[in-house]
Amino acid sequence: MKNFTRLWVVQLAFWLLTGFTPARSQSLNLRWIPREDLNVLLPASVRIYETNDTLPNGSRIRAMYAAITLSDANLRLRAVGETKGSSFRLKTTKEYADIHKAFFAVNGGFFSSNASVSLVTTDGEAVAPNAKSVARNGQTYYPTRSAFGLINRKPDVAWVYGVGGSADGPDNTTYFYPQPSPNQPGQTPQPPPSPAFPAGGQVWPASQAIGGFPVLVQNGAVRVTNEEELTADDVLLRNPRTAIGYLEDNTIITMVVDGRQRASAGVTLDELAQMFVDLGAKEAMNLDGGGSSTMYAAGEVVNNPVNVDGGDRNNLRANASAWVLSEITESARKEVTIVDTDSDQYTEVGLWSRSNVASYYGPTASRQASVSSSPIRALYRFNALARGRYQVAAWWTVDPENNAIRVPYIVHHGNRHDTVYVDQREVRTTARWNVLGTFEMGPGDYVELLNQGQGKRVVADAVRLVTLEKFPDAYPDRGNLRVAVISDLNASLGSATYEWQVDSIMRRIPRIWRPDLVVCGGDMVAGQGPITNPATIRNMWRGFDRSVLQPLRSGTGSDSMVPFAFTIGNHDGVRTEAYRLERELTKEYWDTTNVNLHFIDKTHFPYYYSFQSGDIFVASWDASSATITEENLAWLRREMSRPEARAARMRFVMGHLPLYSVAQERDAPGNVLNNKEQLRALLEELDVHTYLSGHHHAYYPGKRGKLELLNAGAAGSGPRPWLSLDKAPVNTITIMDIFYEKDSVAYTTYDIAKPNAADMTRFDESILPRIIYGYDGTFIIRRDAQPDSVSGTLSALHLEKARISGATGTASATFADNKLIVRGAFDNLESTLLEDRTSIALYNGRHGDAGRLLKGLQVTSSNGRNGSFYGEIAPLDDDLLDQLAAGSLFIQIKTAAYPQGEIQAQLYHAGNKGPRGATFRGVNDRNVYAVRDIEAILK
C-alpha cells in the first residue's frame, strides 16, 4: 500500500474517526540462524533463515523465512495459479516449482476444491479474483481483502477488491484502498466496494499478485485486520502459517511456520505479525496456512508440512496458487552428490532394520540399529568423487523417545578422519539436511555412521555432499612438510590492488593445498618508482595485507594464520639510497605484522633473517639487488653454523634475484646475482639443499652441481617467456612437498590464471629446456636432467656455420665410475687432420655455438681422412656432469682446409632434442624494431 500524500491524509482521518492506533507489541526475541544447507545452493540474492525457539507462552516454534533481494535483475518472482474451469487442477508447491523451473516456491492464497478464492495475477493477466462476497451469520458481506503484489518490481501489500465483472471470474478491475472496508462481524454489511468506496480507491496495477487475508503489518507496526476482512474464526487460532511481506522496496520476506507437531505448535496471527515486525518489515500479509504451508528451495521441501498429522515432507497438499522464484538466465548450480539407503554405495555392517518414522529422505524409509557395543555401522562411499572441498550433511528421521544423542559420523578423507557427534533426538533436526562440516575429499573417501551414543537407536538415512570447489586433477602426494611458493605479485607502479589471479590464488592456497608454510620470492608491492609519498607506500602495504595475507588468516589468534615467509624484492625496497623511503616503510609494515614464523634470528628483519619450519632451516638473505653484501654473507655463515641449522633435515636459502638467467628480458647484468659461481660454491659448502628466487617471472626447476635452484614464476603481472623456448608465458604457483626420509623435494606447479580452480592444469616441466645459457656463458640445467650415455652424428651441418659435405662419423660418451669415456670414428674428410693435439676434441656448449675446449682426444688414422678417436676424463666435476646431463657436449674435428672445424657432433641422450639458441636474450620490447619486408635483386 503505497503511502502517497492523499492516501496518508485519508488514513490519518480514519484513525482519528475510529480511535484506531497502531498496536504496540513486544518483540518475540527469536534467534534466526542461516540455513547453510540451503544457502550453499541458492543465488547470493536469496537467503533462508530458520528459528527453533520458544514463544512467550512456552510453546516451541520452528519457522523459516527467505529474504529475496529484488535488485538482482536476474531474479524472476512470479505469482502462478489455476483458472477456474474444466482444466482446473490443484497442484503442490513442488509441482508449481517444477512446472515453472523455479528454485524456490511457497504456497499461495486460499482455495476451494474447484477454484482459488484468493486473487491471482500472473504477468499482468488476471487469473482469479479475491472472493467478492462472504456469508456470515445469515448476512452477505463484501470485504476488501489483502493481497501482495509487485508494481514495477516494487513490493506492495494492499486491501483490494475486484470491481465490476462476474462474481467469480477474472474479468474484474482490481482496486486498492488506503483502509479496508470497515465491515464488522454481526453488524450491518458495508456496501460493495467501488471506485468511490472506500475512500481513496485506485486501480492496483500489480503485474504479479496473490491474495490472502488478513493484513498483518502496516507502516512497520502490527496491524491485523482480521475483523475488517471477515477472517474465519479457525484462522485466528495457533496454526501452521505462510505469509509474505517486505523490509523495504528491495527485499521481500516469505515466511513459513510449522505447526501441529512436536517441533512447533504454530503461531497466532498476532504472533506472526510480530515476527515480521521484529525482522523490520514495513508491510506483510497472511497467505493460506495449515496443511498448505510449504516452502520449497534448492530441490528440497524446507519445512515439515502437516497435510497429515505430525507432519511429513513426503506428503504435500495441493493448492490453487504459489509464488515461484526462478532466474532469467540460469546460473551454474553446485554439484550435489547424495548417497541414500537404496544406493549401491551404501552398505551396512551388523543388524539394521526399517524405520517407520515419517519425513525420511527420498523414496526409501530410514534404517535403524540398536545402540550397543557390537560393531554395527553404515558406510556411505564416494568412489567416483572428484577431489575438492565439500559441504557434508546428513539426514535422519527423528524419534525423541528412542533416538540417541552423541551419535558419531566419521568423515574419512585422504589419510585423515574427523568425527562429528550429532543429536538424533532433537526435533529441530527433523526434515532437513544437518550440516556436519566442510571437508577436503576425493575418490574413495567415505562417511561412516556408528551405532554409538546415548539412547536406544541410531538412525541411518541419506548423506549429501555439495561441491564447493573442485581441485585440480594433478593433486600432489603430501610430504612431511608442504610449502606453497609464490613470487612477483605486484602490478603497476604504486598499485594497492592486485590482478584477479593473485586474489584468487591466495584464497585457494589454504583451501586446496593446506600448506604448512607459504613463501614469497619478493616483489610483493609495486614500488621502485622511487615513490616519495609515504601515504602511497603505506597504502600499497595495506593492499598487500588485504589481498595476500588476510586469506591466510583463519582466525584472530597469532597462530591462526598459515606461516608466511618472504624475501625483499627490488619493488619492495631495493638496497640503495634512492629507495630509502620505500625500504624504511617496508620495515615499518613488517615490524607490525604477524607472519607466524618460528624465528631463529630476526635481528635484521625483514631484510634478512632465519627461521625454522618443521625439520627445515631457512635463511632469507637480501637479494633485492645484484650484490649480496659481505655483512650478509658473514651472517649467512653464522646462521648455517647454528645448532638449529646443523640439526635440520634440510637447509634452504631464499632471495629475490636468482643465480642464473632463465627468462627473456631478464638476461642481463643486474638481473642475476654477481659472483654467482662463488655464491653457488658457498651455498654448496653450507649444505644448502635449494635456493629459491623470483624476479625473472618464469618458473624453472633447475640445479647446478649439488644445489637445487627453484626460479618461481610470477603470480602477478608480466609473466615472461623462457630463454631458448618459443612458448607463451604463464602465471604459476609451485607446491613443494618435502620428504625427509627420501631427502627429496617434489614440485607440483600450476597454471593459475583460471577462473575455476579445477581448470588449473599442472605445468609440464618436460617442455622446458634441459639447459639454459645466460648472457655471460653461465648456465642452469633442469633439475630432472641426469648424466647418462650420449651420442651423436658427425656432420658439417652441425657447425656454427653449416655447410654441405660428404664427411661423416659417429661419436659417443659413456659415464661410469666417475669417468667419462669418449670414442668415435670418422670417414671421408675433405682434408687431412690438422697437425694439432686438439684436431679432434671434446667441447662444452650449445648447438651452434663455438663452445669451450675441454679435452683433446687420441686419434688413430692411417691417412688423416678416416680413423677413430678415444679419450677419458676423470675424475668428473659437477660442471661436466651437469653438461653431460643437459646435452651440452660436442665433438669437433678440425682439418687443414677447415681449421675452425670440418664436422661436428652434439652429444645427446637417445630421443632427446638439443637446446636451441635464444631468439631474444635480455632484450626489452622497446628495443625491438620492425623491418619493412621488401623484395631485392641480389647480384
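The rules we used
- Residues numbered from 1 in each chain as written.
- Predicted model: local features only at pLDDT ≥ 70, side-chain atom pairs only at ≥ 80, totals over all residues.
- Heavy atoms only, no water.
- Core = buried A, V, L, I, M, F, W, Y, C linked by side-chain atoms within 4.5 Å.
- Buried < 20%, exposed > 50% of the residue type's maximum accessible area, 1.4 Å probe, protein only.
- Contact = heavy atoms within 4.5 Å.
- Pairing = 2+ DSSP bridges.
- Helix = DSSP H or I, 4+ residues; strand = E, 2+ residues; numbered from the N terminus.
- Axes fitted to C-alpha atoms, helices over the stretch in contact; angles between N-to-C directions.
- Salt bridge = Lys/Arg side-chain N within 4 Å of Asp/Glu carboxyl O.

Undergrad: What is the right way to read the nonpolar core from this model?
TA: For soluble globular proteins, nonpolar side chains are generally found buried alongside one another. In terms of nonpolar packing, the biggest core is built from 105 residues, with Phe544, Phe564, Trp590 and Trp621 touching the most fellow members. Filtering out sequence-adjacent residues up to four positions away, Phe544 remains in contact with Leu489, Tyr498, Met524, Val525, Leu549, Phe564, Tyr589 and Trp590.

Undergrad: Which parts of the structure should I look at to understand the sheet that holds strand E24 (residues 321-327)?
TA: Note on sheets: strands pair through backbone hydrogen bonds, and any given pair is parallel or antiparallel. Within the open sheet, the five strands sit side by side as E4-E24-E6-E21-E22. Their pairing is antiparallel. The strands lining the two open edges of the sheet, one partner per strand, are strand E4 (75-81) and strand E22 (300-301). Bridge count between E4 and E24: seven bridges; the pairing is antiparallel. Directly across from Ala79, in E24, lies its bridge partner Trp323.

Undergrad: In this structure, what is going on with the sheet that holds strand E54 (residues 840-844)? I would like to understand it.
TA: Taken in spatial order, the four strands line up as E55-E54-E58-E59 in an open sheet, and their pairing is antiparallel. With one partner strand each, in any of the chains shown, strand E55 (852-856) and strand E59 (903-907) form the two edges of the open sheet. With strand direction ignored, the average angle separating the axes of adjacent strands in the sheet is 30 degrees. Two strands pair when backbone bridges link them, and E54 and strand E58 (residues 889-893) are joined in this way by five bridges, in the antiparallel orientation. Within E58, the position partnered with Tyr843 by the bridge is Phe890.

Undergrad: Can you help me understand the pairing of strand E53 (residues 819-827) in this one?
TA: Along a regular strand, successive side chains alternate from one face of the sheet to the other. Where strand E52 (residues 808-816) lies against E53, nine bridges are found, and the strand directions are antiparallel. Looking across to E53, one finds that Ala811 is bridged to Gly824. Two elements, E53 and strand E57 (residues 867-873), share seven bridges in a ladder whose sense is antiparallel. Paired with Arg823 across the two strands is Tyr870, which belongs to E57.

Undergrad: I keep staring at the pattern of salt bridges and nothing clicks. Help me out?
TA: Should their charged atoms come close, side chains of opposite charge can pair. The tally for this structure, following the rule as stated, stands at 54 salt bridges. The residue Asp399 makes a salt bridge to Arg457 at a minimum N-O spacing of 3.3 Å. Placement of the pair is Asp399 in the loop between strand E30 (388-394) and strand E31 (407-413) and Arg457 in strand E35 (residues 457-460), with a sequence separation of 58 residues. Its relative accessible area of 15% is what places Asp399 among the buried residues.

Undergrad: When you look at the pairing of strand E47 (residues 732-739) in this model, what are you seeing that I'm missing?
TA: In terms of burial, E47 is a largely internal element, eight of the eight residues being buried. Residues of E47 alternate between two faces, with Thr732, Thr734, Met736 and Ile738 on one and Ile733, Ile735, Asp737 and Phe739 on the opposite face, all of them buried. When strand E37 (residues 481-486) meets E47, the two strands line up antiparallel, connected through five bridges. Residue pairing for E47: Val483 is matched across the bridge by Met736. Bridge analysis of E47 against strand E48 (residues 744-751) gives eight bridges, and the strand direction is antiparallel. Bridging across to E48, Met736 finds its partner in Tyr747. With antiparallel pairing between neighbouring strands as the criterion, E47 and E48 make up a hairpin whose turn holds four residues, including Asp743 at a positive phi of roughly 50 degrees.

Undergrad: What's the story with the environment of Ala886 in this structure? I'm lost.
TA: Along the chain, Ala886 falls in helix H12 (residues 878-886). Residues Ala886 and Arg770 lie 116 residues apart in sequence; the distance between their C-alpha atoms is 5.2 Å.

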